[in-house]
Amino acid sequence: MFAPLIDKMITRNIGDRFTAPEALQFFAKMRSQLTEAQLSAPFSDVEDSLIYETRDHWKGLPDDFVKQWAHYKAPP
């Protein structure tokens, strides 16, 4: 559920990157909107998650969530 945060922190477009305070504010807002069940859900594909260039961390997220935050998605 933190794909928008990750993409805005490491986007190749430096002008679009979050500053540290912006990232913290966004994280706090996103976390406050998640349920305890979502926060305690196991993370899958741990090994794959370490390779940013090949990992689609938007994969498997609810369609409505992806649509809502699509403008945060880093360009390919």
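Remember, predicted model here, so these are calculated numbers, not experimental data.

Regarding the nonpolar core
And step 1. Counting residues in each nonpolar core, the largest one holds 11 residues, listed as Ala3, Leu5, Phe18, Ala23, Phe26, Met30, Trp58, Leu61, Phe65, Trp69 and Tyr72.
And step 2. Those elements that provide at least two residues to this core are helix H1 (3–10), helix H2 (20–32) and helix H5 (63–69).
And step 3. No other element matches H2, which puts three residues into this core.
And step 4. For tryptophan 69, the residues in contact, after removing those within four places along its chain, are Pro4, Phe26, Met30 and Trp58.

Some words on the packing of H1 against H2
And step 1. Orientation of H1 relative to H2, taken along the N-to-C sense of each, is 175°, at an axis distance of 10 Å. Here H1 is positioned roughly antiparallel relative to H2, judged by the angle of their axes. Within the contact between the two elements, H1 uses Pro4, Leu5 and Met9 and H2 uses Ala23, Phe26 and Phe27.
And step 2. In terms of residue class, the contact of H1 with H2 is made up of six nonpolar, no polar and no charged.

Quick look at the confidence of the model for the protein chain
And step 1. Confidence in the prediction for the protein chain averages 82 pLDDT; 82% of positions are at 70 or higher.
And step 2. Predicted confidence in the protein chain is weakest over helix H4 (residues 46–49), with a mean pLDDT of 54, and strongest over H2, with 93.

Some points on the packing of aromatic side chains
And step 1. Here the structure, examined in full by the defined rule, presents seven aromatic pairs.
And step 2. Geometrically, the ring pair formed by tryptophan 69 and tyrosine 72 is edge-to-face, given 5.2 Å between the ring centres and 80° between the ring planes.
And step 3. Members of the aromatic cluster, each reached through a chain of ring pairs, are Phe18, Phe26, Phe65, Trp69 and Tyr72.
And step 4. Above the plane of the ring of phenylalanine 18 lies lysine 8, whose end atom (NZ or CZ) is 5.8 Å from the centre.
And step 5. Just above the ring of tyrosine 72 sits the side chain of lysine 8; from NZ or CZ to the centre is 5.3 Å.

Some thoughts on a nonpolar patch on the surface
And step 1. On the surface, Ile6, Met9 and Ile10 cluster together to form a nonpolar patch covering roughly 240 Å² of accessible area.
And step 2. For isoleucine 6, the location among the structural elements is in helix H1.
And step 3. Here isoleucine 6 falls in the partly exposed class, since its relative accessible area comes to 35%.

So, how was this worked out
- Residues numbered from 1 in each chain as written.
- Predicted model: local features only at pLDDT ≥ 70, side-chain atom pairs only at ≥ 80, totals over all residues.
- Heavy atoms only, no water.
- Core = buried A, V, L, I, M, F, W, Y, C linked by side-chain atoms within 4.5 Å.
- Buried < 20%, exposed > 50% of the residue type's maximum accessible area, 1.4 Å probe, protein only.
- Helix = DSSP H or I, 4+ residues; strand = E, 2+ residues; numbered from the N terminus.
- Contact = heavy atoms within 4.5 Å.
- Axes fitted to C-alpha atoms, helices over the stretch in contact; angles between N-to-C directions.
- Parallel < 35°, antiparallel > 145°, perpendicular 65-115°, else oblique.
- Nonpolar A, V, L, I, M, F, W, Y, C, P; charged D, E, K, R; others polar.
- pLDDT = per-residue confidence, 0-100.
- Phe/Tyr/Trp six-rings, centres within 6.5 Å; stacked < 30°, edge-to-face > 60°.
- Lys NZ or Arg CZ within 6 Å of the ring centre and 35° of its normal.
- Patch = residues over 30% accessible without salt bridge, like charges linked within 9 Å, V, L, I, M, F, W, Y side chains within 5 Å.
- Areas by Shrake-Rupley, 256 points an atom, 1.4 Å probe, with all protein chains shown as cover.
- Salt bridge = Lys/Arg side-chain N within 4 Å of Asp/Glu carboxyl O.

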